[in-house]
Amino acid sequence: MVLPTIPESTSISCVTKPSPQTSSSPSDLPLDPLIYKFESFINDRLREDLRIINKRQEAIHVQVHSYNELKSFILEVKSDSFGAGKSIKTQIDMGCNFYMRCTIPQTDKIIVFIGLGLYMEFSLQEALIFIEKRCKYLDQCLEKLSEQACSIKAHIKVMLNTLGYIQGIGPDG
């Protein structure tokens, strides 16, 4: 079952917190605090959790993309176009699309980021094996985050339907 995406910027404000000057009928008074609690929970907790999960997913996608670029670079270096163990002149992205020329003196080993701020020197074949395993792990993390996001979206939908039921609006709004 695919749930519709709920934009982060959309906030729910069906009922504002009652002000002391507002007079309400006696039947409305017990529902206003309950509705306000539902709205607060949806906007402050569930949508915030969904935003955090989306940020984590985006960060993992960036890592997977970086590993895929590294994998393609390693495969290019291993190909016969460069030759094994020869030096390579290239440009390195230093960040913000600022490139510097560099010379790689030996192409038989490579230093790879392995996580937690640590780097490790691998042979090209070992690096390819590590990249495959790391990408599989990151894909599993993405699947778990997607499941959590779907669960949160389902909770939001249930809460919105409950709010509609309490207010007498109905499930379609």
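The structure this text deals with has already been given above.
This write-up is about the structure you can find in this document. (Residues numbered from 1 in each chain as written. Predicted model: local features only at pLDDT ≥ 70, side-chain atom pairs only at ≥ 80, totals over all residues. Heavy atoms only, no water.)

## With respect to unusual backbone geometry
The cut-off we apply is this: Strands here are runs of E lasting at least two residues and helices are runs of H or I lasting at least four, both read from the DSSP assignment and numbered beginning at the N terminus. Burial classes: relative accessible area under 20% of the type maximum marks a residue as buried, over 50% as exposed, and values in between as partly exposed (1.4 Å probe, protein chains only).
In this structure, N97 is a non-glycine residue whose phi angle is positive, near 55°. Considering the arrangement of structural elements, one finds N97 in the loop between β1 (88–93) and β2 (99–104). Assessed through its relative accessible area of 62%, N97 is described here as exposed. In the Ramachandran plot, L116 falls in the positive-phi region, its phi being about 55° despite a non-glycine side chain. Along the chain, L116 falls in the loop between β3 (109–115) and β4 (118–123).

## Let's talk about the packing of aromatic side chains
Short version of the rule: Only Phe, Tyr and Trp rings are paired, with Trp represented by its six-membered ring, and only when their centres lie within 6.5 Å; those with planes under 30 degrees apart are stacked, over 60 edge-to-face, the remainder tilted.
For the coordinates displayed, the defined rule picks out 3 aromatic pairs. Measuring from centroid to centroid gives 6.2 Å for Y67 and F130, while their planes differ by 70°, and the two rings are edge-to-face. With a gap of 63 residues between them, Y67 in helix α1 (residues 31–78) and F130 in helix α2 (residues 124–167) connect regions that are remote in the sequence. Classification of F130 as buried rests on a relative accessible area of 18%. Through a chain of ring-to-ring contacts, three or more aromatic side chains come together here, namely Y67, F122 and F130.

## Notes on α2
Put simply, the rule reads: In this analysis, the expected span of each helix is defined as 1.5 Å times one less than the number of residues it contains.
Relative to the 64 Å expected for 44 residues at 1.5 Å per residue, α2 spans 63 Å between its end C-alpha atoms, a close match to the ideal helical length. One or two steps after α2, the chain reaches G168, where phi turns positive at roughly 80°.

## Observations regarding the pattern of salt bridges
Definition in use: When a carboxyl oxygen of Asp or Glu lies within 4 Å of a side-chain nitrogen of Lys or Arg, that pair is called a salt bridge.
One pass over the full model with this rule turns up 3 salt bridges. Between E132 and K71 there is a salt bridge, with the nearest N and O atoms lying 2.3 Å from each other. Taken together, the residues E132 in helix α2 and K71 in helix α1 connect sequence positions 61 residues apart. Using a relative accessible area of 27% as the deciding quantity, one classes K71 as partly exposed.

## Side note on the nonpolar core
Nonpolar side chains tend to gather and get buried jointly when the protein is soluble and globular. Inclusion rule: We define a nonpolar core as any set of buried Ala, Val, Leu, Ile, Met, Phe, Trp, Tyr and Cys residues linked to one another through side-chain atoms lying within 4.5 Å. The criterion used for residue contact is that any of the two residues' heavy atoms lie within 4.5 Å.
By size, the foremost hydrophobic cluster in this structure holds 31 residues, and its most contacted members are I60, Y67, I74, I110, V112 and I131. Going through the elements one at a time, α1, β3 and α2 are the ones with two or more residues in this core. Among residues more than four places away in sequence, those in contact with I131 are Y67, L70, K71 and I74.

## A look at the environment of L50
Here L50 is to be found in helix α1. Residue L50 is classed as buried on the basis of its relative accessible area of 3%. When the C-alpha positions of L50 and L145 are compared, they lie 9.7 Å apart, and in sequence the two are 95 residues distant.

## Structural notes on the pairing of β3
Our working definition: At least two bridges found by DSSP between two strands is the condition for calling them paired.
As defined by bridge partners, β3 adjoins β4 across 6 bridges and the pair is classed as antiparallel. Paired with I111 across the strands is E121, a residue of β4. Linkage of β3 to β4, two consecutive antiparallel strands, is achieved through a turn of 2 residues, within which L116 is found at a positive phi near 55°.

## With respect to a nonpolar patch on the surface
Defined as follows: Like-charged residues within 9 Å of one another, or nonpolar side chains (Val, Leu, Ile, Met, Phe, Trp, Tyr) within 5 Å, are grouped into patches, provided each residue has over 30% relative accessible area and no salt bridge. Here, Shrake-Rupley sampling with a 1.4 Å probe gives the accessible areas, and only protein chains in the shown set may cover a residue.
Together, I92, M94, F98 and M100 give the surface a local cluster of nonpolar side chains, amounting to about 410 Å² of exposed area. Among the secondary structure elements, M94 is positioned in the loop between β1 and β2.

## Comments concerning the environment of V64
Structurally, the position occupied by V64 is in helix α1. Relative accessible area serves as the criterion here: at 14%, V64 is assigned to the buried category. Put simply, V64 and C135 are 71 residues apart on the chain and 6.1 Å apart in space, counted from C-alpha to C-alpha. In this view, V64 contacts L138 and D139; residues no more than four positions away in its chain are not counted.

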